[in-house]
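# Coordinates in review
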Amino acid sequence: MLENLNKTYDPKSFEDRLYEYWNENGYFKANVNKEKKPFTIMMPPPNVTGSLHMGHALNNTIQDILTRWKRMEGYEALWLPGTDHASISTESKVVEKIKAEGKTKEGLGREKFLEEAWEWTHLYGNTIKNQLKKLGVSCDWSRDSFTLDDNLSKAVEEVFIRLYEKDLIYRGDRIINWCPSCETAISDAEVEHEDSNSFIWYIEYPIKDSDEKITIATTRPETMLGDLAIAVNPDDERYKSLVGKYAILPLINKEIPIIADSYVEMEFGTGAVKITPSHDPNDFEVGERFNLGQNIIMNEKGFINANGGKYEGLERFVAREKIIEDLKKEGYLKEIKEHENAIGHCERCSTIIEPLISKQWFVKMESLAKPALEAYKNGDINFIPERFGKVYVNWLENIRDWCISRQLWWGHRLPVYYCESCGETIVSRDEITHCTKCNSEKLRQDTDTLDTWFSSALWPFSTLGWPEKTPDLDYFFPTDVLVTGYDIIFFWVIRMVFSSIEQMGEVPFKDIFLTGLVRDSEGRKMSKSLGNGIDPLEIIDLYGADALRFTLVTGNSPGNDMRFYNERVEANRNFANKLWNATRFVLMNLDEDVATKEFSIDELQEEDKWILSKLNETIKDVKHNLDKYELGFAAQRIYDFIWEEYCDWYIEMVKSRLYGEDERSKEVAQKVLLFVLKDINRLLHPFMPFITEEIWSHLPGDKGALILAKWPKYRSEYSFETTEKDIEYIKDSIKKIRNARLEMEIAPSKKSPIIFVTKDSSIEELISSGERYFKNLASAENVIVKSSKEGLDGENIAVVLDKAEAFLPLKDLIDFKKEMERLEKEKEKLEGELKRVTSKLLNEGFVSKAPKKIIDEEKDKKQKYEEMMDKVLERIDNVKKNM
RNA sequence: GGGCGGUUAACUCAGUUGGUAGAGUGUCAUCUCGACAAGGUGAAAGUCGUAGGUUCAAGUCCUAUACCGCCCACCA
């Protein structure tokens, strides 16, 4: 009697304690170890000031499962954690904070503002890490990284300079996406397009020195202030005579040329387009082709500037209203139509993006994208699920240069200096005091910072010490798998791939495991504004981290969204409870002196062999599933083995031995119970680390933590095919007898002998030797096996089995009407099966073309069903006589 | 305009080379039997969106189509 577990499963009583235990003993740490193969995962760094949501819980659970599994398999498993400075997001939070204190960014100045930001970071920077610990993440905290750490910043600077030196970074006036609220440029990836119902305005422009007019259609009338031309398609007969002439820009009274460019589609609108090179990406290109120059009419806050004449000072949408009003008043507005179009919004603050010409820094993408594309085509990187490969390819094939400069302060400042005397641009690793060209001391550093994703793109190697040639980098890089949401393929995955190929000469990871979204129980996206977010910490508090983890990896497949509802977590908590109680059972029936002994194969009983054989299959299947990242299958397989095979059958079968007189048999049962339980905990540990470690600490033998234990291996000596079949036959018979008793409404307490009739000697032997199973599990008083059913036609319940019949003499407890109904149902079922099998076997095509194995199986079935049918019919006749 | 995903039991979802449809929850019946009522035992429940096709055999492969959802895109 070794039982020393609490009576009920209470995750709160040990989860935090165990995390401390693992962490303080350094079990999460990974070091260069040439004896072992490395396994590396880089945690996608959450925003430093963020807090844990279900998305984090999902992908960190997956990473933890993989890491724990590989660690147990004997790999030197490194899971490197960290956080991202999240420039735009953090900066806006800090701006809000100081605003509440009556301060502004400009008022504070760069230095003071950054002090505030650091303070904010230190205040909230540990929140998410502590929350992650609640989940049980086994990452190496001694390597915790932050994108603004000195060494990571050094990597950023180095990459910038290298790209600049290779001419892959340039500065120029380009149309970029400008957020008037964040007051910074953002990249294409950071723009979210949203369909909206708007209008299209038809505006008439008079032609110079003529009575003719030309009507254009526009969705953004305010930009007309910056018009530098009108364009028509060169093939458009309607406008051929106007090309080369000038139009008068209404309200502004400025002459603009009418040009012909094939970009204009004749079918859309009126076939004539106003060209505003400074405020539209397409118009910008047309402007370049025709040397139209620039005319910027808006400032950084989205207000009309001096170039807008009398509209100067108006906010862009106020200006729109005013302009429409004026156009109407002066008769230029011909028509307004409803129009649906996709409007770009800032990914961060949802403000409508303003395409703007601006001097920014860009990464030239063409030569970087090419090898990234090849890496996929060569199979150097794999997507799980595969379909996301297409998304990757599509983005890379249509990629445009990456705008990397941000008009923000929180981030990596560009290592770029300008000489105020000669105008030289100097890109330098070191702080410089003199202009390299004119030796002037009048230098100023570029005030911009880099896109956050510029630094996270280097995460897989910057965290390992690059650009230094460190042993860590040599050993742990490239990493094995990246686990992240499909929504950041563009932001992050692609940029890591090309950055790594460029700097390291190889891909940063082999596999990319993409998770879906965790939605609420109604299938809605969890969001702050809807207030429907489910807090992982609350779930952990209610059901424990293990139940949450299990819920997140089962019942869904990679890359697909899942709905989250508490009932599922509850079911998994119940599963944990089941294991907990099974353990209690094993421990309370385990004699101390048996605990450390091993069993030998020749002393095993049938059910021992059966469970060991089943365990073996489970080990094989789980390994197979995990190798293919099928975590859900693996988890389900372990769940079924524990609940159905170990608890419902093995434990029940073994009870008669534990409570019996045969000391030797009892001992073997105890040893097998413990042996299997240990493997169960090993298998389940990556999925449910807390409960398994807690149980492990109470099991005798194996000293040491489960987290470091060996992963179970398939043992060919524990495969017993014949025994498996025998036990399955017994199980099947027991189920049929139970079913019959329940349908006849006979309480389990009403026991009876079970008389088996069979002409098959192997079945006879099997049933005789399995008497205790029937006694324990099918309410049998005793078991009798006969070869003839003489004298059994009377007051019995008859259960038809494969190659046998079972009779339960329950006499007056039997309601023959019910017995008849039961038999009729059985008959119907068999008729259906027989019909199916027979027609299949009569099908010429099937018999001539199907594999022999399948045909033989069908033939066997047919024979079996026929035999059973005969018995059922015979029995029906007998019952009729009795009624 | 392109691309992708979903449509399977009342609900939420699995379904790994095509070979008699599975789980959890819920429902019904039953059981205080020496681990567990967060449990045991058993039951009912599916035209696998629709229409074609390939095949001896299709939830699974192909072609259309409907509905729901997502992503990408410079028709002003």
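Note that this is a predicted model, so its numbers are computed, not measured. (Residues numbered from 1 in each chain as written. Chains lettered and ligands numbered in written order. Predicted model: local features only at pLDDT ≥ 70, side-chain atom pairs only at ≥ 80, totals over all residues. Heavy atoms only, no water.)

## A few points about the overall build of chain A
Stated precisely, the cut-off is as follows: Helix and strand definitions follow DSSP, with helices as H or I runs of at least four residues and strands as E runs of at least two, each counted in order from the N terminus. To get the radius of gyration, use the C-alpha atoms; to get the globule rule, take the number of residues to the power 0.38 and multiply by 2.2 Å. Here, residues are in contact when the closest pair of their heavy atoms is within 4.5 Å. For the area figures, the Shrake-Rupley method with a 1.4 Å probe applies, and any residue is considered shielded solely by the protein chains shown. Lys and Arg are tallied as positive, Asp and Glu as negative. Neither His nor the chain termini are counted. Every charge is mapped to an atom, namely NZ of Lys, CZ of Arg, CG of Asp or CD of Glu.
Across its full length, chain A carries 27 helices and 29 strands. Taking 883 residues into account, the globule formula puts the C-alpha radius of gyration at 29 Å, and chain A, at 37 Å, lies well above it. In terms of overall dimensions, chain A has C-alpha extents of about 120 × 65 × 55 Å along its principal axes. The contacts of chain A with a sequence gap of at least 6 include a subset with a gap of at least 24, amounting to 77%. For chain A, the exposed surface amounts to about 40,100 Å²; the carbon and sulfur share of it is 46%. Both charge centroids of chain A, one from 124 positive and one from 157 negative side chains, sit 2 Å from each other.

## A short note on the packing of aromatic side chains
Rules: Whether two aromatic rings pair depends on their centres lying within 6.5 Å, for rings of Phe, Tyr and Trp, where Trp uses its six-membered ring; planes under 30 degrees apart make the pair stacked, over 60 edge-to-face, and the rest tilted.
Enumeration according to the criterion identifies 41 aromatic pairs in this entry. For the pair W395 and F490, a centre-to-centre distance of 4.2 Å together with 25° between the ring planes defines the contact as stacked. One end of the pair, W395, is in helix α10 (residues 388-397); the other, F490, is in helix α14 (residues 489-504), with 95 residues separating them in the sequence. Ring pairs connect the aromatic residues F160, Y164, W361, W402, F454 and F498, which therefore count as one cluster.

## What about the UniProt feature "domain: Valyl-tRNA synthetase tRNA-binding arm" (unreviewed entry) in chain A?
What counts, and what does not: UniProt positions are given in the numbering used here, feature names are shortened, and annotations may be inferred rather than shown by experiment.
Taken from the UniProt record, the annotation "domain: Valyl-tRNA synthetase tRNA-binding arm" (unreviewed entry) applies to residues 815-878. End C-alpha to end C-alpha, residues 815-878 measures 14 Å, and it is 94% helix and 0% strand.

## A short note on the domain arrangement of chain A
Cut-off, in case you're wondering: Domain delimitation in this document rests on an assignment produced automatically or drawn from a domain database.
Taken domain by domain, chain A holds domain 1 (184-355), domain 2 (540-702), domain 3 (724-812) and domain 4 (816-882). Just the C-alpha atoms count here: the centres of domain 1 and domain 2 sit 69 Å apart.

## Quick look at the environment of A457
Here is the rule: When accessible area is computed with a 1.4 Å probe and restricted to protein chains, residues below 20% of their type maximum are described as buried, those above 50% as exposed, and intermediate ones as partly exposed.
Following the sequence through the fold, A457 ends up in the loop between α11 (452-456) and α12 (459-462). By relative accessible area, which is 1% here, A457 ends up buried. Separated by 41 residues in the primary sequence, A457 and F498 have C-alpha atoms spaced 8.5 Å apart. Setting aside chain neighbours within four positions, we find A457 in contact with W492, R495, M496 and S499.

## Brief notes about the sheet that holds strand β8 (residues 213-218)
Backbone-to-backbone hydrogen bonds join strands into a sheet, with any given pair of strands oriented parallel or antiparallel. Defined as follows: Here, any two strands with at least 2 DSSP bridges between them count as paired. Angles shown run from 0 to 180 degrees and are taken between the N-to-C directions of axes, each axis being a line fitted to C-alpha atoms and, for helices, limited to the stretch in contact.
Within the open sheet, the three strands sit side by side as β8-β7-β13. Their pairing is antiparallel. Among the strands making up the open sheet, the edge pair consists of β8 and β13 (333-346). The mean angle between the axes of side-by-side strands here comes to 20°, regardless of whether they run parallel or antiparallel. Where strand β7 (residues 191-206) and β8 come together, six bridges link them in antiparallel fashion. Bridge pairing links I203 to I216 in β8.

## A look at the UniProt feature "coiled-coil region" (unreviewed entry) in chain A
Residues annotated by UniProt as "coiled-coil region" (unreviewed entry) correspond here to residues 587-632 and 813-882. Across residues 587-632, helical content stands at 57% and strand content at 0%; the span's end C-alpha atoms are separated by 30 Å. As annotated, residues 813-882 comprises 91% helix and 0% strand, and the C-alpha atoms at either end are separated by 14 Å.

## Thoughts on the pattern of salt bridges
Close approach of charged atoms allows side chains with opposite charge to pair. Counted only if it meets this: Within this document, salt bridges are pairs made up of a side-chain nitrogen of Lys or Arg and a carboxyl oxygen of Asp or Glu, the two lying within 4 Å of each other.
As enumerated under the stated definition, the model contains 81 salt bridges in all. Linking E728 and K614 is a salt bridge whose minimum nitrogen-to-oxygen distance equals 3.6 Å. Of the two residues, E728 is situated in helix α22 (residues 721-743) and K614 in helix α18 (residues 606-627); the sequence distance between them amounts to 114 residues. For the salt bridge of K736 with D732, the shortest nitrogen-to-oxygen distance reads 3.6 Å. Linking K736 with D732, this pair stays in helix α22, spanning four residues, or about one helical turn.

## Details of the nonpolar core
Operational definition: What makes a nonpolar core is a set of buried Ala, Val, Leu, Ile, Met, Phe, Trp, Tyr and Cys residues whose side-chain atoms join them at distances within 4.5 Å.
Judged by nonpolar contacts, the single largest core of 147 residues is most densely connected at L66, Y646, F687 and F774. For this core, the element with the highest residue contribution is helix α19 (residues 631-658), accounting for 15 residues. I169, W361, W402 and L414 belong to the second largest nonpolar core, which has 61 residues in total.

## Details of the pairing of strand β11 (residues 254-260)
By the bridge criterion, three bridges tie strand β9 (residues 229-232) to β11 in an arrangement that is parallel. In the sheet register, V232 faces β11, and the bridge partner there is A260. The pairing of strand β10 (residues 246-249) with β11 spans four bridges and is antiparallel. Bridged to A247 within β11 is I256.

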